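# Fold and geometry: a report
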Amino acid sequence: MNPYVLAVLLSSLGIGTTLTLASSHWLLAWMGLEISTLAIIPLMAQQHHPRAVEATTKYFLTQATAAAMILFASTTNAWTTGEWSIQEMSNPTALALITMALALKMGLAPVHYWLPEVLQGLDLTTGLILSTWQKLAPFALIYQISPMMNPSLMTMLGLASTIIGGWGGLNQTQLRKILAYSSIAHLGWMMIIMQYSPNLAILNLILYITMTSAAFLTFKNVASTKLSTLTLTWSKTPMMTTMAMMTLLSLGGLPPLTGFMPKWLILQELTKQNLPLTASIMALAALLSLFFYLRMCYAMTLTIAPNTNTNTSTWRQKSSQTTMTLSITTTLALILLPITPAIMALTT
């Protein structure tokens, strides 16, 4: 892609998300969401491959449906209350509709079906943008309307996303689909805690973006998109493979890694809110996700492909890809657990 065109598209992505983050009016927020959607579509279709075009079409139709629902719900609210402000969503029907529209935008269960299929059709760089940056704008809107949202609806979305995100990834062999289901499960954790501690939800989002970025960048560096090709990585880059294994375990929420922090704090908060059953279901659903992370770790570090050449050879060239971002995100994904007391002081 032409670098000037790429610069325009990436800046439009940034402007669209920033517009939504900064807006307090539904029309401005809707406009920012639309700019973000239209900016990422050429990036998704740049490969000119049938799978990429199919993924782009599915994404466009899904996002257009969600945008229409947001416009309809905000107009309905303005009609009945005379208010366009995001903070003044008092019509319960419009509120429920806009909640489901934002859930569709992000890929929360039960309106998640588009996300694994779309992510599977993209290259890893565009998939990274879709899994991280594109979640920010809808999440900011959910954060703003969370005090007015129906608690039962939010709990249903959170529980369904965590369970389906864990269950759906169990039988997958494609890394992008596994990361899509991982994304659904993590968004479920954010939704379940949003009504009780929005700051914890933001903390979870930041750590999710860090850990997911590390995973995507690792797979991009080793040019791997299938579980079977991960078996070649140990003999090529043992140190990176070891770090990737720990990043995946961090995504699964194992101590003493960073990913344990949000799960620990969220379960603690749910218990404080007298919701032991919800906390138990969330903890058990996390085990489902942990299983497919362990599968990936097993494939990367405990298996070696039968055709691996064990001789020292000169044909294996050094990678020309930059690894600075990968180094930073991997480090953050592994060692932030000790600062949990400081984060608790900031979020309470």
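Residues numbered from 1 in each chain as written. Predicted model: local features only at pLDDT ≥ 70, side-chain atom pairs only at ≥ 80, totals over all residues. Heavy atoms only, no water.

Moving on, we get to the overall build of the protein. Across its full length, the protein carries 16 helices and zero strands. The C-alpha atoms of the protein give 20 Å as radius of gyration, which agrees with the globular expectation for 348 residues (20 Å, within 12%). With the C-alpha coordinates aligned to their principal axes, the bounding extent of the protein is approximately 75 × 50 × 35 Å. Relative to its 348 residues, the protein shows a buried fraction of 53%. In the protein, once contacts between residues fewer than 6 apart in sequence are set aside, the share between residues at least 24 apart is 77%. (Helix = DSSP H or I, 4+ residues; strand = E, 2+ residues; numbered from the N terminus. Rg over C-alpha atoms; globule rule 2.2 N^0.38 Å. Buried < 20%, exposed > 50% of the residue type's maximum accessible area, 1.4 Å probe, protein only. Contact = heavy atoms within 4.5 Å.)

Let us now look at the UniProt feature "transmembrane region" (unreviewed entry) in the protein. The positions UniProt marks with the feature "transmembrane region" (unreviewed entry) are residues 57-74, 94-115, 152-171, 178-196, 202-219, 239-257, 277-294 and 326-346. Overall, residues 277-294 shows 100% helix and 0% strand. The separation of its end C-alpha atoms is 26 Å. Within residues 326-346, the helical portion is 81% and the strand portion 0%, while the C-alpha atoms at the span's ends are 27 Å from each other. (UniProt positions renumbered as here; feature names shortened; annotations may be inferred.)

With 15 residues, helix H4 (residues 92-106) ought to run about 21 Å at 1.5 Å a step, and its terminal C-alpha atoms sit 21 Å apart, in line with that. Among all positions in H4, only Ala-94, Leu-95, Ile-98, Thr-99, Ala-101, Leu-102, Ala-103, Leu-104, Lys-105 and Met-106 are buried. For H4, the capping residue at the N-terminal end is Asn-91, with a side-chain oxygen 3.0 Å from the backbone nitrogen of Thr-93. With its phi angle positive at about 95°, Gly-107 sits one or two positions after the end of H4. (Expected span 1.5 Å × (residues − 1). Polar contact = N/O pair within 3.5 Å; in protein donor to acceptor, adjacent residues only side chain to side chain.)

So, on to the packing of aromatic side chains. Under the criterion given, the structure shown has three aromatic pairs. Look at Phe-260 and Trp-264: their rings are 5.8 Å apart centre to centre, the planes differ by 15°, and that puts the pair in the stacked class. Of this pair, Phe-260 and Trp-264 both sit in helix H13 (residues 260-272), separated by four residues, roughly a single helical turn. Since its relative accessible area comes to 36%, Trp-264 is described here as partly exposed. Relative to Tyr-293, the ring of Phe-292 lies with its centre 4.9 Å away and its plane at 55°, an arrangement referred to as tilted. Judged by relative accessible area, which is 1%, Tyr-293 ranks as buried. (Phe/Tyr/Trp six-rings, centres within 6.5 Å; stacked < 30°, edge-to-face > 60°.)

This brings us to the UniProt feature "domain: NADH:quinone oxidoreductase/Mrp antiporter transmembrane" (unreviewed entry) in the protein. Under the present numbering, the feature "domain: NADH:quinone oxidoreductase/Mrp antiporter transmembrane" (unreviewed entry) in UniProt falls on residues 23-288. Secondary structure within residues 23-288 divides into 76% helix and 0% strand; the distance between the first and last C-alpha atoms comes to 38 Å.

Moving on, we get to the nonpolar core. Judged by nonpolar contacts, the single largest core of 98 residues is most densely connected at Trp-26, Ile-145 and Phe-219. Looking at this core, the element that brings in the most residues is helix H9 (residues 175-194), giving 13 residues. What Phe-219 contacts, discounting residues up to four positions off in sequence, is Leu-124, Leu-175, Leu-179, Ser-224, Leu-230, Leu-248, Met-296 and Met-300. (Core = buried A, V, L, I, M, F, W, Y, C linked by side-chain atoms within 4.5 Å.)

Our next topic: helix H6 (residues 124-131). For H6, the buried fraction is high: seven of the eight residues fall into the buried class. Of the positions making up H6, those classed as buried are Leu-124, Thr-126, Gly-127, Leu-128, Ile-129, Leu-130 and Ser-131.

The next thing to look at is unusual backbone geometry. Cis geometry is adopted by the peptide bond preceding Pro-110, which originates at Ala-109 and carries an omega value of 5°. Note on placement: Pro-110 falls in the loop between H4 and helix H5 (114-120). Backbone geometry places Ala-223, a non-glycine residue, at a positive phi of 50°. Of note, Ala-223 is situated in the loop between helix H10 (198-221) and helix H11 (233-236). Positioned with a positive phi, Asn-274 is a non-glycine residue whose angle comes to about 60°. Relative to the helices and strands, Asn-274 is located in the loop between H13 and helix H14 (276-301).

Next up on the list: the packing of H10 against helix H15 (residues 324-335). Running from amino to carboxyl end, H10 crosses H15 at an angle of 135°, the nearest separation of the two axes being 8 Å. In terms of orientation, H10 lies oblique with respect to H15. The handedness of the crossing between H10 and H15 comes out as left-handed. Mapping the contact onto sequence places Thr-210, Met-211, Ser-213, Ala-214, Leu-217, Thr-218 and Asn-221 in H10 and Thr-325, Leu-326, Thr-329, Thr-330, Leu-332 and Ala-333 in H15. Class assignment for the residues of the contact of H10 with H15 results in six nonpolar, seven polar and no charged. (Axes fitted to C-alpha atoms, helices over the stretch in contact; angles between N-to-C directions. Parallel < 35°, antiparallel > 145°, perpendicular 65-115°, else oblique. Left-handed = near helix turned anticlockwise from the far one by under 90°. Nonpolar A, V, L, I, M, F, W, Y, C, P; charged D, E, K, R; others polar.)

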